[in-house]
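Report on the structure
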Amino acid sequence: RYLVTRAIRPVKARRDAASGEGEDIDSDLLPAEDEEDVDAGATRALFEAERGAEAEAGLATAGLGLLEQRAGREAEALKRFRAVAAMPDASALALAVAGGGLLTQAVSETERDRALAAEAHAMLERSVALDSADAVALGWYGRAALAADRLSPRALRALEAAAEAM
């Protein structure tokens, strides 16, 4: 739930600022929305429109992946998350949302899930390299390192920083 809200806030804020409907504010400071009130159709349309905008293409793609995931379409969600990973200029937030979404698919100790955790770890490592102050991304990165059996001093520091920030 948190990931959908996190993905849509900057997209909505950018759209509202461009249309003059709202202020250009730091979207991470917006109050949390109740995700149950999110209209999946309207959210999908917003993400689809933003995929064409260079500034938010990665975030919009990650958001669409989350919508696919929520609808139970795992294969489609994984395609979207992997598309974000393939973007050389994906933002830290896009990588964090896609990596977190991918990691939530890795729920068991099977070889498949360890491979998914390793993919998520790589995405989240890129995310924290771009923005080392994002406590949520640091937490996801640390969890991915644990799930992928890639625990390192850096991952431990990430988990500690995330715990201190939250």
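As the structure is a computational prediction, the values presented were derived from the model and not from experiment.

**Here we look at the overall build of the protein**
What the protein contains, in helices and strands, is eight helices and zero strands. In sequence order, the secondary structure elements of the protein are arranged as α-α-α-α-α-α-α-α. In the protein, which comprises 166 residues, the share counted as buried stands at 47%. A separation of at least 24 residues holds for 57% of the contacts in the protein among residues at least 6 apart in sequence. A total of about 8400 Å² of accessible surface is found on the protein, and carbon and sulfur atoms cover 52% of it.

**Here we look at the nonpolar core**
Residues F81, V84, L102 and L124 are the most contacted members of the largest nonpolar core, which totals 36 residues. Of all elements in the fold, only α3 (57–70), α4 (74–86), α5 (92–103), α6 (111–130), α7 (135–147) and α8 (153–165) reach the threshold of two or more residues within this core. With eight residues, α5 is the single largest residue contributor to this core. Excluding residues that lie within four positions of it along the chain, L124 makes contacts with L95, A96, G99, G100, A137, W140, Y141 and A144.

**Here's the deal with the packing of α7 against α8**
It is the contact of α7 with α8, at a shortest axis distance of 8 Å, that shows an interaxial angle of 140°. Of the possible angle classes, the one that applies to α7 and α8 is oblique. Note that α7 runs across α8; the crossing there is left-handed. For the pair α7 and α8, contact is made by A135, L138, G139, Y141, G142, R143, A145 and L146 and by R154, A155, A158, L159, A161, A162 and A165, respectively. Classifying every residue of the contact of α7 with α8 by side-chain character gives 11 nonpolar, two polar and two charged.

**A word on the packing of aromatic side chains**
Enumeration over the complete set of coordinates arrives at zero aromatic pairs. Stacked on the ring of W140, the Lys or Arg R143 has its end atom at 5.1 Å from the ring centre.

**Quick look at α6**
With 20 residues, α6 extends 29 Å from end C-alpha to end C-alpha; this agrees with the ideal 28 Å at 1.5 Å per step. Every buried residue of α6 is accounted for by D113, L116, A117, A118, A120, H121, M123, L124, S127 and V128.

**A few points about α7**
Over its 13 residues, α7 runs 18 Å from end to end, which matches the ideal 18 Å to within 8%, given 1.5 Å per residue. What α7 keeps buried is the set A135, V136, A137, L138, G139, W140, Y141, G142, A144 and A145. One side-chain oxygen at the N-terminal end of α7 lies 3.1 Å from the backbone nitrogen of V136; it belongs to D134. Of the residues one or two after α7, D149 is the one with positive phi, at around 55°.

**Focus: unusual backbone geometry**
Positive phi values are uncommon outside glycine, yet D149 reaches one of about 55°. Looking at where D149 falls in the secondary structure, it is placed in the loop between α7 and α8.

**Some remarks on the side chain of S127**
With respect to the secondary-structure elements, S127 resides in helix α6. S127 has contacts with A92, L95, A96 and A137, leaving out every residue within four places of it along the chain.

**Description of the packing of α6 against α7**
Running from N to C, α6 and α7 cross one another at 145°; their axes reach a closest spacing of 8 Å. The chirality of how α6 crosses α7 is left-handed. Together, R114, A117, A120, H121, L124, E125, S127 and V128 of α6 and A137, L138, W140, Y141, A144, A145 and A147 of α7 make up the contact between the two elements. The class makeup of the residues in the contact of α6 with α7 is 11 nonpolar, two polar and two charged.

**Some words on the confidence of the model for the protein**
In the predicted model, the protein carries a mean pLDDT of 78, and 67% of its residues have values of at least 70. At the level of individual helices and strands, the protein shows its lowest average pLDDT in helix α1 (residues 2–19), which scores 59, and its highest in α4, which scores 96. Every residue in residues 22–35 is under pLDDT 50, and counting partners more than four places away or in other chains gives 21 contacts.

Reading the values: rules and limits
- Residues numbered from 1 in each chain as written.
- Predicted model: local features only at pLDDT ≥ 70, side-chain atom pairs only at ≥ 80, totals over all residues.
- Heavy atoms only, no water.
- Helix = DSSP H or I, 4+ residues; strand = E, 2+ residues; numbered from the N terminus.
- Buried < 20%, exposed > 50% of the residue type's maximum accessible area, 1.4 Å probe, protein only.
- Contact = heavy atoms within 4.5 Å.
- Areas by Shrake-Rupley, 256 points an atom, 1.4 Å probe, with all protein chains shown as cover.
- Core = buried A, V, L, I, M, F, W, Y, C linked by side-chain atoms within 4.5 Å.
- Axes fitted to C-alpha atoms, helices over the stretch in contact; angles between N-to-C directions.
- Parallel < 35°, antiparallel > 145°, perpendicular 65-115°, else oblique.
- Left-handed = near helix turned anticlockwise from the far one by under 90°.
- Nonpolar A, V, L, I, M, F, W, Y, C, P; charged D, E, K, R; others polar.
- Phe/Tyr/Trp six-rings, centres within 6.5 Å; stacked < 30°, edge-to-face > 60°.
- Lys NZ or Arg CZ within 6 Å of the ring centre and 35° of its normal.
- Expected span 1.5 Å × (residues − 1).
- Polar contact = N/O pair within 3.5 Å; in protein donor to acceptor, adjacent residues only side chain to side chain.
- pLDDT = per-residue confidence, 0-100.

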